[in-house]
Amino acid sequence: MALSLRRKREALRGRYTPNLWPVWIVAPVALIAAGALGWVIYHYAYDHFAQAAADQKPPKPVNINDPLKATVTALTLIGAVLAGLYAYRKQLLAEGDAHRADASQLAERYTTAAEQLGHDQAAVRLAGVYALARLADDWAEQRQVCVDVLCAYLRMPYEPDPSLPGHKEGEREVRHTIIQVIRDHLQEPEAATAWSLHDFNFTDAVFDGGNFTTSHFRGRVTFRGASFGGGTVSFNAATFSGPNVTFSGATFGGGTVLFSGATFNGPTVLFDGATFSGSNVRFETATFSGPTVYFVGATFSGSTVFFVGATFNRSTVHFNGATLSGGTVLFSGATSSGSTIIFNGATFNGSTVRFNGATFNGSTVHFGGATFNSGTVHFNSTRLSGGTVSFGSGGTAARFSGTTFEWGPLPVPAGA
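What counts as what
- Residues numbered from 1 in each chain as written.
- Predicted model: local features only at pLDDT ≥ 70, side-chain atom pairs only at ≥ 80, totals over all residues.
- Heavy atoms only, no water.
- Pairing = 2+ DSSP bridges.
- Helix = DSSP H or I, 4+ residues; strand = E, 2+ residues; numbered from the N terminus.
- Expected span 1.5 Å × (residues − 1).
- Buried < 20%, exposed > 50% of the residue type's maximum accessible area, 1.4 Å probe, protein only.
- Arc of directions from axis to C-beta.
- Polar contact = N/O pair within 3.5 Å; in protein donor to acceptor, adjacent residues only side chain to side chain.
- 1 Å grid on protein atoms, 1.4 Å probe; cavity = no way out; pocket = protein on both sides within 12 Å on 5 of 7 lines; lining within 4 Å.
- Points joined across faces, edges and corners; volume = space filled by probe spheres on them.
- Nonpolar A, V, L, I, M, F, W, Y, C, P; charged D, E, K, R; others polar.
- pLDDT = per-residue confidence, 0-100.
- Contact = heavy atoms within 4.5 Å.
- Axes fitted to C-alpha atoms, helices over the stretch in contact; angles between N-to-C directions.
- Parallel < 35°, antiparallel > 145°, perpendicular 65-115°, else oblique.
- Left-handed = near helix turned anticlockwise from the far one by under 90°.
- Phe/Tyr/Trp six-rings, centres within 6.5 Å; stacked < 30°, edge-to-face > 60°.
- Lys NZ or Arg CZ within 6 Å of the ring centre and 35° of its normal.

Asks: Break down the sheet that holds strand β12 (residues 263-264) for me, citing the residues and quoting the values.
Replies: An order of β4-β8-β12-β16-β20-β24-β27-β30 is seen for the eight strands of this open sheet, with the pairing classed as parallel. Two strands bound the open sheet, and with one partner strand each, they are β4 (216-217) and β30 (383-385). Alignment of β4 against strand β8 (residues 239-240), held across two bridges, turns out to be parallel. By the bridge assignment for β8, phenylalanine 217 is matched with phenylalanine 240.

Asks: Please provide a residue-by-residue account of helix α5 (residues 143-155), values included.
Replies: A turn of α-helix holds 3.6 residues, and therefore any two residues three or four places apart point the same way. In this model α5 runs 19 Å from its N-terminal to its C-terminal C-alpha over 13 residues, within 8% of the 18 Å that 1.5 Å per residue would give. Looking at α5, one finds that the buried residues are Arg143, Cys146, Val147, Leu150, Cys151, Tyr153 and Leu154. The buried residues of α5 occupy an angular sector of 150 degrees when projected down its axis, which confines them to one face.

Asks: Summarise the environment of tyrosine 158; cite the residues concerned and give the values.
Replies: For tyrosine 158, the position within the fold is in the loop between α5 and α6 (171-184). Along the backbone, tyrosine 158 and glutamate 171 are 13 residues apart, and their C-alpha atoms lie at a distance of 8.1 Å. Within polar-contact distance, the side chain of tyrosine 158 engages the side chain of aspartate 208 at 2.8 Å.

Asks: Can you tell me about empty space enclosed by the protein, naming the residues and giving the values?
Replies: A complete count under the given rule lists one cavity of 30 Å³ or more for this structure. By volume, the largest cavity amounts to about 30 Å³. Contributions of two or more residues to the lining of the largest cavity are made by α6 and β2 (206-207). The biggest single contributor to the lining of the largest cavity is α6, with three residues. Of the residues in the lining of the largest cavity, the class split is four nonpolar, two polar and two charged.

Asks: Please give an account of the confidence of the model for the chain that cites residues and values.
Replies: Residues with a pLDDT of 70 or more make up 71% of the chain, whose mean pLDDT is 82. This stretch, residues 1-14, has a pLDDT under 50; its non-local contacts, to residues over four places away or in other chains, come to eight contacts. Low pLDDT, under 50, characterises residues 410-416; the stretch is placed with nine contacts to residues that sit more than four places away or in other chains.

Asks: Break down the packing of helix α4 (residues 122-138) against α6 for me, with residues and values.
Replies: Closest axis-to-axis distance for the α4/α6 pair is 9 Å, and the angle between their directions is 10 degrees. Judged by the inter-axis angle, α4 sits roughly parallel to α6. Judged by residue contacts, Ala122, Arg125, Leu126, Val129, Tyr130 and Ala133 of α4 engage Glu171, Glu173, Val174, Thr177, Ile178 and Val181 from α6.

Asks: Describe the packing of α5 against α6, and please don't skip the residues or the numbers.
Replies: Viewed as axis vectors pointing N to C, α5 and α6 meet at an angle of 145 degrees, and their least axial separation amounts to 10 Å. As α5 runs across α6, the sense of the crossing is left-handed. Taking contact as the criterion, the partners of Leu150, Cys151, Tyr153, Leu154 and Arg155 in α5 are, on α6, Glu171, Val174, Arg175, Ile178, Ile179 and Ile182. Residue classes in the contact of α5 with α6 are distributed as eight nonpolar, no polar and three charged.

Asks: How would you sum up the environment of aspartate 161? Please name residues and give values.
Replies: Along the polypeptide, aspartate 161 turns up in the loop between α5 and α6. Taking the C-alpha atoms as reference points, aspartate 161 and aspartate 208, separated by 47 residues in sequence, lie 9.9 Å from one another.

Asks: Give me the lowdown on the sheet that holds strand β1 (residues 200-201), citing residues and values where you can.
Replies: In space, the nine strands of this open sheet follow the order β1-β5-β9-β13-β17-β21-β25-β28-β31, with parallel pairing throughout. With one partner strand each, in any of the chains shown, β1 and β31 (388-390) form the two edges of the open sheet. The pairing of strand β21 (residues 316-318) with strand β25 (residues 340-342) spans three bridges and is classified as parallel. Bridged to valine 317 within β25 is isoleucine 341.

Asks: Tell me about the side chain of histidine 378, and name the residues and values.
Replies: You can see histidine 378 is positioned in strand β29 (residues 371-378). For histidine 378, a relative accessible area of 6% corresponds to the buried category. Within the structure, the side chain of histidine 378 is placed 3.5 Å from the side chain of arginine 354, a separation counted as a polar contact.

Asks: Can you lay out the packing of aromatic side chains for me, pointing to particular residues and giving the numbers?
Replies: Overall, the coordinates contain 60 aromatic pairs when judged by the stated rule. Plain terms: the ring middles of phenylalanine 223 and phenylalanine 235 are 5.6 Å apart, the flat faces sit at 90 degrees to each other, and that makes the pair edge-to-face. Placement of phenylalanine 223 in the loop between β5 (221-222) and β6 (227-229) and of phenylalanine 235 in the loop between β7 (232-234) and β8 is noted, with a sequence separation of 12 residues between them. Note on phenylalanine 235: relative accessible area 0%, which makes it buried. Considering the side-chain rings of phenylalanine 295 and phenylalanine 307, the 6.0 Å spacing of their centres and the 85 degrees angle between planes classify their relative orientation as edge-to-face. Placement of the pair is phenylalanine 295 in the loop between β17 (292-294) and β18 (299-301) and phenylalanine 307 in the loop between β19 (304-306) and β20 (311-313), with a sequence separation of 12 residues. The ring centre of phenylalanine 306 lies 3.9 Å from the NZ or CZ of arginine 282, which sits over that ring.

Below, the structure written as structure tokens:
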């Protein structure tokens, strides 16, 4: 087992030739060992046959042919074993040659695909996308490298507006093809070769559409600083179960990003410092099972974030220090069990927050230190079962100016 693991590690580093002793050492040692072993076997066999002959009545002399036959037989068996070992040695060398040939061929395919991705013509770049995806399927040891190259292409500067300088003809089709290829490899169990366990780095990438529907992300996923402007990017029914999902500092401007029906099982989901400007981000019917979701310091300007019908199980959602200017956050019909939603220190300028029809089972909503400058907070038909709505935290109370509260069956808090 240890030898197999060592050979596997060496193969990953590109070394496939087994560590074998030189022939000029092995041959003399083998001859000396064979001679010594033959001498030992002969004397052992002679003593055995001599004892057997002496025990007979009347005693008989030892037949010299008997120990010789036994010695030859033993040496023949040993020789057969050594011949098998030599054949195994040749097999190892042949496997090393085959692995080197495969590695050389895969490296050449990688070089060709990379050159195609850098070509001026969109059709050639498309061919490079498919070539690199096929290579990733065939080259398990370097699959993450191939995935990283596809993600790096999306991180390159991109101008989606044909009327502006820097726009490249056919570039949108190439980028959307990369997204589709990645999505096809994140389908479980449909994908012949799944990439779900690998990491995806889309830092600072520009998205003007794309489909990640029903994808399974089990590794790290990073959209830090990414720009979602125009078009629709869909993560509907996707599953995020990796250690980290990051949209920190991302910009959502003018487009639609869909997380409807998505499932977040990982420990952390980050939207901290993100900017939502004139866009729709929909987490309708999404399920958050255990993660901590950060919208800390996020800015909502004329955008709507939908958590309508979402389910929060033992999760914490932070809007600490967020700024909502004419934006809307909707938790209508959401269900929260043992979770906490925190707006501490948030600023609401003419914005709307709706919890209409939401159900809080042992959950809490905090507005400690929040500032409301006009706008509306809706709690119509909200159901609290062992939960609370708090407008103070750490001795800091929320401040209200021209804000309207619609509480339905709930009492209006003092000072509202």
